[in-house]
Amino acid sequence: MTIRTRFAPSPTGYLHVGGARTALFSWLYARKHGGRFVLRIEDTDLERSTAESVQAILDGMSWLGLDYDEGPFYQTQRFDRYKEIIQQLLEQGDAYHCYCSKDELEEMREQQRANKEKPRYDGRCRELTEPKPGIEPVIRFKNPTTGSVIVRDMIRGNVEFKNAELDDLIIARPDGTPTYNLTVVVDDMDMQMTHVIRGDDHLNNSPRQINIFKALGAEPPKFAHVPMILGDDGARLSKRHGAVGVMSYRDQGYLPEALLNYLVRLGWSHGDQEIFSIQEMIELFDIEDVNKAASSFNTEKLLWLNQQYIKNSTPTHIADHLAWHMQQHDVDISVGPSLEKIAVLYQERAKTLVEMAESSLFFYNKVTSFDEKAAMKNLNQASLPLLQNMQSRLSALSEWLAEPIHTEIKACADMHEVGMGKVAQPIRVAITGNTVSPSLDVTLELLGRERTLAAIEFAIDWINNQDS
Ligand code: GLU
């Protein structure tokens with residue numbers, strides 16, 4: 001049997017990190033077993049679904065590298081099929097029209113509450129033979145009234161639901177459109193899903209769905225309900241805890257593998273291993289090993305992981321992702337060093353790609369103004385002779401490489417009887433506008449002779465203009 005799993009988001013916002021973790025688990029399960037992973041967009045809620053949200057889901061999946069073998073399938077394109085199944089259920093006596101008005105339903109619930117019973121639909125339209133004029137009916141599924149349904153959950157074990165506690169759920173609205181529990185079953189059946197891995201907010205839907213599967217003579221899939229992700233205050237992770245959309249992690253400078261690694265470890269572990277390559281995740285992950293308890297999101301740990309990934313990824317890989325961040329700053333990469341070189345220079349220093357992009361902008365943008373404090377301290381009459389001396393030394397240098405550049409900085413410092421920092425810092429301000437850069441010799445090598453000299457010249461003129 002080929003394992004078939006799916007991710008079935010509703011496009012009503014961004015791709016939430018909780019959704020991304022569910023998608024990752026389903027994807028890993030399919031990949032581990034040589035199965036197929038399907039993407040299905042559950043867009044039947046026409047009021048809340050938007051094209052932008054669909055795009056956000058597709059972008060998120062693609063950025064994370066969670067590739068799908070089939071789909072995206074859109075539920076809005078399958079209305080005819082749902083109608084067909086609803087008709088079938090009506091014909092075989094497993095569904096019926098319900099004409100109860102809102103008021104009638106409310107009265108029923110009131111009565112049940114008064115009797116200290118759990119409010120539920122009592123099935124009063126089950127045996128109706130005549131339509132009630134003037135009312136557009138809903139269609140309800142005739143849930144079995146006795147016995148129980150056992151959801152054999154791969155994470156929680158067996159969870160039993162008494163049929164007597166499941167009321168006849170609505171499968172079609174008055175306008176004939178199908179509801180969630182019906183469309184999911186029809187799709188999971190038609191798409192031959194073997195495993196449904198989804199958030200545990202759907203656990204209560206599973207017994208109802210299993211009953212519909214059975215009514216359709218189809219074998220229900222195996223289920224795994226993944227516990228939710230909590231914020232640091234123990235409440236369900238939501239916008240109020242900060243970023244929850246997958247793409248905002250890209251925007252904040254995370255590598256997709258770092259986020260995947262973080263998500264796989266939320267509620268799953270393998271000994272005390274923290275870092276997993278995608279290949280290792282595929283080999284080692286098992287849905288049955290996922291924790292039953294909810295886990296909390298910890299931004300500090302994600303940041304730590306990101307740093308590890310930045311340190312250990314190939315420069316080419318970092319460069320691929322850094323390119324997007326550089327575009328956000330509108331810089332022309334062709335005027336400076338390759339992004340691979342930038343990656344090598346900053347791999348040990350940057351925690352995020354945003355940091356890497358921001359600190360390397362000076363390689364592409366000419367400095368036209370200086371940080372006020374930095375300039376006051378470093379670009380003045382005391383540093384002028386040092387800058388002038390370095391200007392002639394660097395122009396005369398035969399090989400533009402870090403080592404000879406370093407030798408010249410040292411020679412200049414010795415000649416003026418100052419520490420090397422006194423020479424390096426004004427140059428740093430000249431080339432970056434500020435006081436921070438990686439090791440100056442390496443930085444200058446990358447910046448190139450022409451741009452270094454131009455920056456020193458600009459700084460010298462600036463000092464001279466201050467005094468005139
Ligand atoms: N569309 C549902 C949701 O976004 C998921 C349904 C499912 O996975 O069965 O919550």
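Residues numbered from 1 in each chain as written. Predicted model: local features only at pLDDT ≥ 70, side-chain atom pairs only at ≥ 80, totals over all residues. Heavy atoms only, no water.

S.K.: I tried to follow the pattern of salt bridges on my own but got confused; where do I start?
M.R.: Considering all chains together, one arrives at 28 salt bridges under this definition. Across the pair Arg109 and Glu106 runs a salt bridge whose closest N-O atoms are separated by 3.9 Å. Residue Arg109 and its partner Glu106 are both found in helix H4 (residues 102–114); the two are separated by 3 residues, about one turn of the helix. Notably, a salt bridge pairs Lys410 with Asp414, separated by 3.1 Å at the nearest N-O pair. Remark: Asp414 and Lys410 occur in helix H16 (residues 402–415); sequence separation between them is 4 residues, near one turn of the helix. (Salt bridge = Lys/Arg side-chain N within 4 Å of Asp/Glu carboxyl O. Helix = DSSP H or I, 4+ residues; strand = E, 2+ residues; numbered from the N terminus.)

S.K.: Even after reading the chapter, I still don't get the packing of H16 against helix H18 (residues 440–447), so can you show me in this structure?
M.R.: Helix-helix packing is characterised by the crossing angle of the two axes and by the distance between the axes. Two numbers describe how H16 lies on H18: the axes approach to 8 Å, and their chain directions differ by 125°. If you check the angle between H16 and H18, you find them oblique. The hand of the H16/H18 crossing is right-handed. The segment H16 lies against H18, with Ala402, Ile405, His406 and Ile409 engaging Leu440, Asp441, Val442, Leu444 and Glu445. Classifying every residue of the contact of H16 with H18 by side-chain character gives 6 nonpolar, 1 polar and 2 charged. (Axes fitted to C-alpha atoms, helices over the stretch in contact; angles between N-to-C directions. Parallel < 35°, antiparallel > 145°, perpendicular 65-115°, else oblique. Left-handed = near helix turned anticlockwise from the far one by under 90°. Contact = heavy atoms within 4.5 Å. Nonpolar A, V, L, I, M, F, W, Y, C, P; charged D, E, K, R; others polar.)

S.K.: Please clarify how the sheet that holds strand E8 (residues 170–172) should be interpreted in this entry.
M.R.: Strand-to-strand pairing in sheets goes through backbone hydrogen bonds, with the strands running parallel or antiparallel. Pairing is antiparallel across the open sheet formed by 3 strands, whose spatial order is E4-E5-E8. The open sheet has two edge strands, strand E4 (95–98) and E8, and neither has a second partner. Recorded for the sheet is a direction-independent mean angle of 45° between the axes of neighbouring strands. Pairing analysis gives 4 bridges linking E4 to strand E5 (residues 138–141), with the strands arranged antiparallel. Looking at E5, one finds that Ala95 is bridged to Phe141. (Pairing = 2+ DSSP bridges.)

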